[in-house]
Amino acid sequence: MAYGKLTYDAPNTPSGLVSAALAHAFALFVAVSISANISGGHVNPAVTLASFIGGNISFLCAVVYWIGQLLGSVVACLLLQYVTGGTETPAFGLSSDVTVGNALVLEIVMTFGLVYTVYATAVDPKKGNIGIVAPVAIGFIVGANILVGGAYDGASMNPAVCFGPAVVSGTWKHHWVYWVGPFLGAAIAALIYDNIFISDDHESLPVTDY
């Protein structure tokens, strides 16, 4: 019984959601912390899109990040499948009482909260010392969103998180929801924060860098 050691094969139970939320929060905190000074600590195509929309990275850089994120997700799932003796890596899916529209709105709202947090604690040039807690805040918002939405559609907020399991399992049903929802939520958060709270204080990349 390699799958669900902590949750007894019941990831949608209260104990399962808590375990998943804590694991994601801690892992994301570490991932952002160790990569922030190298690449900005994106680890999420939606966050990368938001950074591009805000003029913080070039389009070429965004494409390179997207490729790396998707490849990393696939490799991670293959490694997980190998070390667990070939245990199935299930793809993200909707609960039986959740419609595609429900899941789409949920992903938009959750990703909006995530990207807004990223902008407020890591991107905003006025962040000051609060930037130190950016990895913690980002990890916390993801963990909180999983507790709220995990039982409905898995609470992805990250297309790369869904891409790897979909590739390894060969299951693509409703997969587009986990791209469109996070990308829309990220774009909305980036446009709102960049235009309202950063505005003229923001130094965009030169046009030649796009």
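A quick note: this is a predicted structure, and the numbers were derived from the prediction, not measured.

**Some points on the nonpolar core**
In this structure, Val 115, Tyr 119 and Met 157 are the most contacted members of the largest nonpolar core, which totals 21 residues. Secondary-structure elements contributing two or more residues to this core are helix H1 (14–39), helix H2 (45–53), helix H4 (100–123), helix H5 (134–153) and helix H7 (177–198). When sequence neighbours within four positions are dropped, the list of residues in contact with Met 157 reads Asn 44, Ala 46, Glu 107, Met 110, Thr 111, Leu 114, Val 142, Asn 145, Ile 146 and Pro 182. Of all hydrophobic cores here, the second largest spans five residues; its members include Leu 49, Ala 62, Tyr 65 and Trp 66.

**Considerations on the UniProt feature "transmembrane region" (unreviewed entry) in the protein chain**
Per the UniProt annotation, the sites labelled "transmembrane region" (unreviewed entry) are residues 20–38, 59–83, 103–123, 130–152 and 176–193. Helix and strand shares over residues 176–193 are 94% and 0% respectively, and the end C-alpha atoms of the span are 26 Å apart.

**Overview of unusual backbone geometry**
Unlike most non-glycine residues, Ala 155 shows phi in positive territory, near 50°. With respect to the helices, strands and loops of the structure, Ala 155 is situated in the loop between H5 and helix H6 (159–169). We note that Met 157 has phi near 65°; this positive angle belongs to a residue other than glycine. With respect to the helices and strands, the residue Met 157 is situated in the loop between H5 and H6. Using a relative accessible area of 1% as the deciding quantity, one classes Met 157 as buried.

**Remarks on the pattern of salt bridges**
Enumeration over the complete set of coordinates arrives at one salt bridge. Two residues, Lys 126 and Asp 124, come together in a salt bridge whose shortest N-O distance is 3.2 Å. For Asp 124, a relative accessible area of 5% corresponds to the buried category.

**Side note on the side chain of His 42**
Tracing the sequence through the fold places His 42 in the loop between H1 and H2. Of the residues examined, His 42 reaches a relative accessible area of 10% and is grouped as buried. His 42 has contacts with Val 47, Thr 48, Ser 51, Ile 57, Tyr 65 and Gln 69, leaving out every residue within four places of it along the chain.

**Here's the deal with the packing of aromatic side chains**
Counted by the stated rule, this structure contains twelve aromatic pairs. Pairing Tyr 119 with Tyr 193 gives two aromatic rings, centres 5.7 Å apart and planes at 50°, and the pair type is tilted. Within this pair, whereas Tyr 119 is found in helix H4, its partner Tyr 193 is found in helix H7, the two being separated by 74 residues in sequence. Exposure class is identical for Tyr 119 and Tyr 193. Each is buried. Arranged with centres 5.7 Å apart and planes meeting at 80°, the rings of Trp 179 and Phe 183 form a pair that is edge-to-face. Within this pair, Trp 179 and its partner Phe 183 are both found in helix H7, separated by four residues, close to a single helical turn. The class of Trp 179 is partly exposed, set by a relative accessible area of 23%. The class of Phe 183 is partly exposed, set by a relative accessible area of 23%.

**Describing a nonpolar patch on the surface**
A contiguous nonpolar patch, built from Phe 29, Val 30, Ile 34, Ile 130, Ile 132, Val 133, Val 136 and Phe 140 and spanning about 750 Å² of accessible area, is present on the exposed surface. The set of elements that each furnish at least two residues to the nonpolar patch consists of H1 and H5. Of the residues forming the nonpolar patch, the biggest block, three residues, is contributed by H1. Looking at where Val 136 falls in the secondary structure, it is placed in helix H5.

The rules behind the values
Residues numbered from 1 in each chain as written. Predicted model: local features only at pLDDT ≥ 70, side-chain atom pairs only at ≥ 80, totals over all residues. Heavy atoms only, no water. Core = buried A, V, L, I, M, F, W, Y, C linked by side-chain atoms within 4.5 Å. Buried < 20%, exposed > 50% of the residue type's maximum accessible area, 1.4 Å probe, protein only. Helix = DSSP H or I, 4+ residues; strand = E, 2+ residues; numbered from the N terminus. Contact = heavy atoms within 4.5 Å. UniProt positions renumbered as here; feature names shortened; annotations may be inferred. Salt bridge = Lys/Arg side-chain N within 4 Å of Asp/Glu carboxyl O. Phe/Tyr/Trp six-rings, centres within 6.5 Å; stacked < 30°, edge-to-face > 60°. Patch = residues over 30% accessible without salt bridge, like charges linked within 9 Å, V, L, I, M, F, W, Y side chains within 5 Å. Areas by Shrake-Rupley, 256 points an atom, 1.4 Å probe, with all protein chains shown as cover.

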